Amino acid sequence: MAHRRLQRGEKIVIASHNSGKLREVAALLAPHGIEVTSAGALGLPEPDETETSFLGNARIKAHAAARAAGMPALSDDSGFSVAALDGAPGVYTADWAMRPEGGRDYAWAMSKVHDLAQHATDRAAWFTCALVLAWPDGHEEGFEGKAEGVWVWPSRGAHGFGYDPMFVPHGRHETFGEMDPVEKHRISHRAAAFALLAASCLPPAAG
Ligand code: IMP
């Protein structure tokens, strides 16, 4: 079936309240001439993520935002998985950072991963990113990308966001947190999913 494509100059809402994701998705969209606003800027509510897959949760967020905003919406559902923890935290990556007293604390979340996985010899880890572009009429396009590597401890680096400081992608020595953001964008799970989205649904990048 043919994919539905956005037009150059068209405006979409990025269905996320996470500033790290907003920054990265907006940077990826910029060369394609797509105008963006965010769910936060429009005051859209955050729907509950009740699915057990990244694509399922990305669908919920994209359709809710497209319906509420009356324009196409792009959502990102992503997470960090550790082989020795059977893929956890996975779709619950953001929940692992939620302190009982409220607020997200990623240093604490990363130390939980380390505490649980430290005795395992298998250090494999990966990030997954599902991107869903939904239209107000209910049409959707979904894509998934992965970045594979190992987890390291202690965590290193102040770039990026979330679990970036404890992840070293295959073939590299620096963590995502130590890497220049331009470099992370070249090899990340988000970049991999975005490349598929761009090929099917976006106008060609300028320049
Ligand atoms: P979501 O908003 O439910 O998709 O939660 C995604 C979770 O995965 C958040 O806790 C993020 O910090 C984490 N995450 C997603 N992508 C990345 C990334 O590129 N680097 C670091 N952490 C990420």
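In this report, the structure presented in the accompanying data block is examined. Quick caveat, the model's predicted, so the values are computed rather than measured. (Residues numbered from 1 in each chain as written. Predicted model: local features only at pLDDT ≥ 70, side-chain atom pairs only at ≥ 80, totals over all residues. Heavy atoms only, no water.)

Taking 1.5 Å as the rise per residue, helix α3 (residues 106-117) with 12 residues should run 16 Å; its terminal C-alpha atoms sit 16 Å apart, in good agreement. Inspection of α3 places A109, M110, V113, H114 and A117 among the buried residues, and these make up the whole buried set. Seen along its axis, α3 keeps its buried residues to an arc of 140°; they face one direction. Relative to its buried face, α3 has exposed residues pointing more than 90 degrees away, namely A107 and L116. The elements touched by buried residues of α3 are β3 (73-82) and β5 (140-151). Of the residues that open α3, the one with a side-chain oxygen 3.2 Å from the backbone nitrogen of A107 is D105. (Helix = DSSP H or I, 4+ residues; strand = E, 2+ residues; numbered from the N terminus. Expected span 1.5 Å × (residues − 1). Buried < 20%, exposed > 50% of the residue type's maximum accessible area, 1.4 Å probe, protein only. Arc of directions from axis to C-beta. Contact = heavy atoms within 4.5 Å. Polar contact = N/O pair within 3.5 Å; in protein donor to acceptor, adjacent residues only side chain to side chain.)

The next subject is the sheet that holds strand β4 (residues 124-134). Taken in spatial order, the six strands of this open sheet run β2-β1-β3-β4-β5-β6, and their pairing is mixed. One side of each edge strand has no neighbouring strand; the edge strands of this open sheet are β2 (35-38) and β6 (167-169). Strand-to-strand twist across the sheet, computed as the mean angle between neighbouring axes with direction ignored, equals 35°. Judged from the 11 bridges that link them, β4 and β5 form a sheet pairing that is antiparallel. Bridging across to β5, A124 finds its partner in V150. Lying over the sheet, helix α1 (residues 19-29) contacts β1 (11-14), β2 and β3, oriented at roughly 120° with respect to β3. (Pairing = 2+ DSSP bridges. Axes fitted to C-alpha atoms, helices over the stretch in contact; angles between N-to-C directions.)

So, about the nonpolar core. Counting residues in hydrophobic clusters, the biggest one holds 20 residues, and the most contacted among them are L29, L74, F194, L197 and L202. Put simply, the parts of the chain that give this core at least two residues each are β1, α1, β4 and α5 (189-201). Take this core: its biggest share by element is five residues, from α5. F80, A147, M166 and F176 belong to the second largest nonpolar core, which has 18 residues in total. (Core = buried A, V, L, I, M, F, W, Y, C linked by side-chain atoms within 4.5 Å.)

Taken together, 18 residues surround the ligand, and among them K21, S78, D164, K184 and R190 come closest. Contacts to the ligand include D77, whose side-chain N or O atom sits 3.1 Å from an oxygen atom. Relative to its unbound accessible area of 490 Å², the ligand is 95% covered by the protein chains. Secondary structure elements with two or more residues in the shell around the ligand: β3 and α5. (Near = heavy atom within 4 Å. Areas by Shrake-Rupley, 256 points an atom, 1.4 Å probe, with all protein chains shown as cover.)

Our focus in this paragraph is the pattern of salt bridges. Under the criterion given, the structure shown has 15 salt bridges. Note that D76 is salt-bridged to R190, the shortest N-O span being 2.5 Å. Separated by 114 residues along the polypeptide, D76 in strand β3 and R190 in helix α5 bring together distant segments of the chain. Accessibility classification places D76 together with R190 in one group, the buried group. (Salt bridge = Lys/Arg side-chain N within 4 Å of Asp/Glu carboxyl O.)

Right, let's talk about the packing of aromatic side chains for a bit. On inspection of all chains with the given rule, the structure shows seven aromatic pairs. When the ring of F80 is compared with that of F167, the centres are 6.1 Å apart and the planes differ by 85°; the resulting orientation is edge-to-face. Placement of the pair is F80 in strand β3 and F167 in strand β6, with a sequence separation of 87 residues. Both rings, one in Y106 and one in Y163, keep their centres 5.8 Å apart while their planes meet at 75°; by these two values the pair is edge-to-face. Of this pair, Y106 sits in helix α3 while Y163 is found in the loop between β5 and β6, placing the two residues 57 residues apart along the sequence. In textbook terms, an aromatic cluster arises when at least three aromatic residues are bridged by ring pairs, as seen for F80, Y106, F127, Y163, F167 and F176. Its end group placed over the ring of W135, R4 keeps NZ or CZ at 5.0 Å from the ring centre. Over the ring of W108 we find R99; its NZ or CZ atom is 4.6 Å from the centre of that ring. (Phe/Tyr/Trp six-rings, centres within 6.5 Å; stacked < 30°, edge-to-face > 60°. Lys NZ or Arg CZ within 6 Å of the ring centre and 35° of its normal.)

Keep in mind these numbers describe shape, not what the thing actually does.
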